[in-house]
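Structure at a glance
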Amino acid sequence: MIMEKKKFSFKAMLKETWRMFLVSLKRRPSMIALAVFLIAFLQYSLQLSTISNTTSKIQGSGMGLCGFITMLGSMLSMLCFGNAFPKRKKTNIPMLVLMYAMNLIIIYCDYHYMNAILAAVNRELNPIQVTTSTIYIANAYSLLQTHIIILIVGIVLTALIPVYSKWIKKINTNIEVEGNQAMGAIDISGED
């Protein structure tokens, strides 16, 4: 029996890739929230030099510690998230609570850091001037605002996993196979 080679088009390949992506989401819908936390981590860590330069320029109380807690807490919260939603097992509630606590601490540290920037820029005695050479201070402030927003979105998506996992499971990811319509005509009773 000679097997025929099927021609694969780019459109069919994209359709199959999309189907496989949906199947993986149906199995682990928590990956959506994890992707948001990963985006928040990358957004913060890839612009860490902005935070470091702002800390060294302003030298406010607790700014360095807040930056350290945010970086370490981001990594540990993603680790807790992975342990909170293991494959084919129930949700690990203590890890989920720990992940929520870490993210709330990160949000508090970002907020404290933003207040330290505002205090340094608006103080009466020797305020920090944001010029073209110190524009990284304004960039750090907007970076932290964005980071807080992304974390809040991740927290909300984590809380809503039971809701949108039901919607995702309703998506039809079955493959249309030729000849499946004749399956009812096959006699499986075993009688001759």
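Nothing here was measured: the structure is a model prediction, and the numbers come from that model.

**A few points about the packing of aromatic side chains**
What characterises a pair of aromatic rings is the spacing of the ring centres plus the angle enclosed by the ring planes. For the coordinates displayed, the defined rule picks out 2 aromatic pairs. Seen in terms of ring centroids, F81 and F85 are 5.0 Å apart; in terms of plane orientation they differ by 50 degrees. Their pairing is tilted. Here F81 matches F85 in class, with each residue buried. Taken together through their ring pairs, the aromatic side chains of F37, F81 and F85 make up a single cluster.

**Side note on helix α4 (residues 63–84)**
With 22 residues, α4 ought to run about 32 Å at 1.5 Å a step, and its terminal C-alpha atoms sit 30 Å apart, in line with that. When we look at burial in α4, the residues that qualify are M63, C66, G67, T70, M71, G73, S74, S77, M78, C80, F81 and A84. Taken together, the buried residues of α4 touch α2 (31–45), α3 (48–58), α5 (93–122), α6 (135–159) and α7 (161–169).

**Topic: the confidence of the model for the chain**
On average, the chain scores 85 in pLDDT, and the residues at 70 or more come to 86%. When mean pLDDT is compared element by element in the chain, α6 scores highest at 95, while helix α1 (residues 10–27) scores lowest at 76.

**Topic: unusual backbone geometry**
Located in the positive-phi region is Q59, a residue other than glycine, with phi close to 55 degrees. A relative accessible area of 63% means that Q59 is categorised as exposed. Positioned with a positive phi, N126 is a non-glycine residue whose angle comes to about 55 degrees. You can see N126 is positioned in the loop between α5 and α6. Note on N126: relative accessible area 59%, which makes it exposed.

**Observations regarding the packing of α2 against α4**
Close contact between α2 and α4 brings their axes to 10 Å; oriented N to C, the two are set at 160 degrees. Relative to α4, the element α2 lies roughly antiparallel. As for how α2 packs across α4, the hand of that crossing is left-handed. Contact with α2, carried on its side by A33, L34, F37, L38, F41, Y44 and S45, involves G67, T70, M71, S74, M75, M78 and F81 of α4 and no other residues of that element. Residues belonging to the contact of α2 with α4 are distributed by class as follows: 10 nonpolar, 4 polar and no charged.

**A closer look at α6**
Relative to the 36 Å expected for 25 residues at 1.5 Å per residue, α6 spans 37 Å between its end C-alpha atoms, a close match to the ideal helical length. Those residues of α6 lying buried are Y136, I137, A140, L143, L144, H147, I148, I150, L151, G154, I155 and T158. On its buried face, α6 is in contact with α2, α3, α4, α5 and α7.

**Comments concerning the nonpolar core**
Membership of the largest hydrophobic core comes to 41 residues, with the highest contact counts inside it found for F37, I51, I58, F81, Y113, I117 and L144. Of all elements in the fold, only α2, α3, α4, α5, α6 and α7 reach the threshold of two or more residues within this core. A per-element tally of this core places α5 first, with 11 residues. Those residues within four positions of I51 in sequence are excluded, and the remaining contacts are Y44, Y113, A140, L143 and L144.

**A short note on the packing of α2 against α6**
Orientation of α2 relative to α6, taken along the N-to-C sense of each, is 165 degrees, at an axis distance of 8 Å. The angle between α2 and α6 falls in the class roughly antiparallel. Viewed along their axes, α2 and α6 form a crossing whose handedness is left-handed. Facing α2, whose interface residues are I32, A33, V36, F37, I39, A40, Q43 and Y44, α6 presents L143, L144, T146, H147, I150, L151, V153, G154, I155, L157 and T158. Its residues assigned to classes, the contact of α2 with α6 shows 14 nonpolar, 5 polar and no charged.

Conventions and cut-offs
Residues numbered from 1 in each chain as written. Predicted model: local features only at pLDDT ≥ 70, side-chain atom pairs only at ≥ 80, totals over all residues. Heavy atoms only, no water. Phe/Tyr/Trp six-rings, centres within 6.5 Å; stacked < 30°, edge-to-face > 60°. Buried < 20%, exposed > 50% of the residue type's maximum accessible area, 1.4 Å probe, protein only. Helix = DSSP H or I, 4+ residues; strand = E, 2+ residues; numbered from the N terminus. Expected span 1.5 Å × (residues − 1). Contact = heavy atoms within 4.5 Å. pLDDT = per-residue confidence, 0-100. Axes fitted to C-alpha atoms, helices over the stretch in contact; angles between N-to-C directions. Parallel < 35°, antiparallel > 145°, perpendicular 65-115°, else oblique. Left-handed = near helix turned anticlockwise from the far one by under 90°. Nonpolar A, V, L, I, M, F, W, Y, C, P; charged D, E, K, R; others polar. Core = buried A, V, L, I, M, F, W, Y, C linked by side-chain atoms within 4.5 Å.

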